[in-house]
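These are the residues of each chain, in order.
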Amino acid sequence: MVVRNMDKIISLMITAVMTVTSCSFKGENPLDGKRIAFIGDSISYGTNWQGGYGKLIGEQYNMNVTNVSKGGATLADNVHWSENSDGYRPYITDMLDNLDGDYEYIIAEGGLNDFWGHSELGEITDGFNGDFDENTMTGGMEKMFYEIKNDFSAEDAQSASGGHFKSSMPRRAFCNFL
């Protein structure tokens, strides 16, 4: 059952990448020269795929790509590599610290290593005050959104885009999670 569901997830991800990379614009490309950042696990990093979908998107739309994703990364913090390991997997939210400068778009991907590592799902907290249980998938995801909201403000994105979009989300944050 799990394998069949994973096949569906992988199929959906491939379909999403194919859809994004096959889009075209009438007239001028509004993404030309924009900065886009990727954070996530090996899927976002592009292990065995020379730069992954970030490279494809960047090339297709002439965007400046920064990819700080790491293989094995998780949404939840403090997840061991294995039951017999003292080492911890990379924490996706920490990758935000490796982004230099301003980005119009941030694409985050994760959850598969949490699933395989049996991370707790957790619960959505009341309010959005920064007090999240980062040792769960949900708390880690909330923390990531909180950091993006506070460190990558919508006002900066509005200025960088020349006023071409309005969004209640900080920057343009696209996320793909299990």
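Placed above this text is the structure.
Residues numbered from 1 in each chain as written. Predicted model: local features only at pLDDT ≥ 70, side-chain atom pairs only at ≥ 80, totals over all residues. Heavy atoms only, no water.

J.: Could you give me a rundown of the overall build of the protein, with the residues and numbers involved?
T.: Summing up its helical and strand segments, the protein has six helices and four strands in all. When the elements of the protein are put in sequence order from the N terminus, they spell out α-β-α-α-β-β-α-α-α-β. Within the protein, the proportion of its 178 residues that are buried is 40%. Taking the contacts inside the protein whose residues are at least 6 apart along the sequence as the reference set, 66% of them involve residues at least 24 apart. Accessible surface, the protein: about 10,400 Å² in total, of which carbon and sulfur atoms supply 51%. (Helix = DSSP H or I, 4+ residues; strand = E, 2+ residues; numbered from the N terminus. Buried < 20%, exposed > 50% of the residue type's maximum accessible area, 1.4 Å probe, protein only. Contact = heavy atoms within 4.5 Å. Areas by Shrake-Rupley, 256 points an atom, 1.4 Å probe, with all protein chains shown as cover.)

J.: Talk me through helix α5 (residues 137-151); I want residue IDs and the actual numbers.
T.: With 15 residues, α5 ought to run about 21 Å at 1.5 Å a step, and its terminal C-alpha atoms sit 21 Å apart, in line with that. For α5, the full list of buried residues reads M137, T138, G139, G140, E142, K143, M144, E147 and I148. (Expected span 1.5 Å × (residues − 1).)

J.: Describe in detail the side chain of N113, supporting the description with residues and values.
T.: Inspection of the secondary structure assignment puts N113 in helix α4 (residues 112-116). Polar contacts involving the side chain of N113 include one to the main-chain carbonyl oxygen of A73, which spans 2.9 Å. Those residues in contact with N113 that lie beyond four places of it in its chain are D41, G72, A73, T74 and R89. (Polar contact = N/O pair within 3.5 Å; in protein donor to acceptor, adjacent residues only side chain to side chain.)

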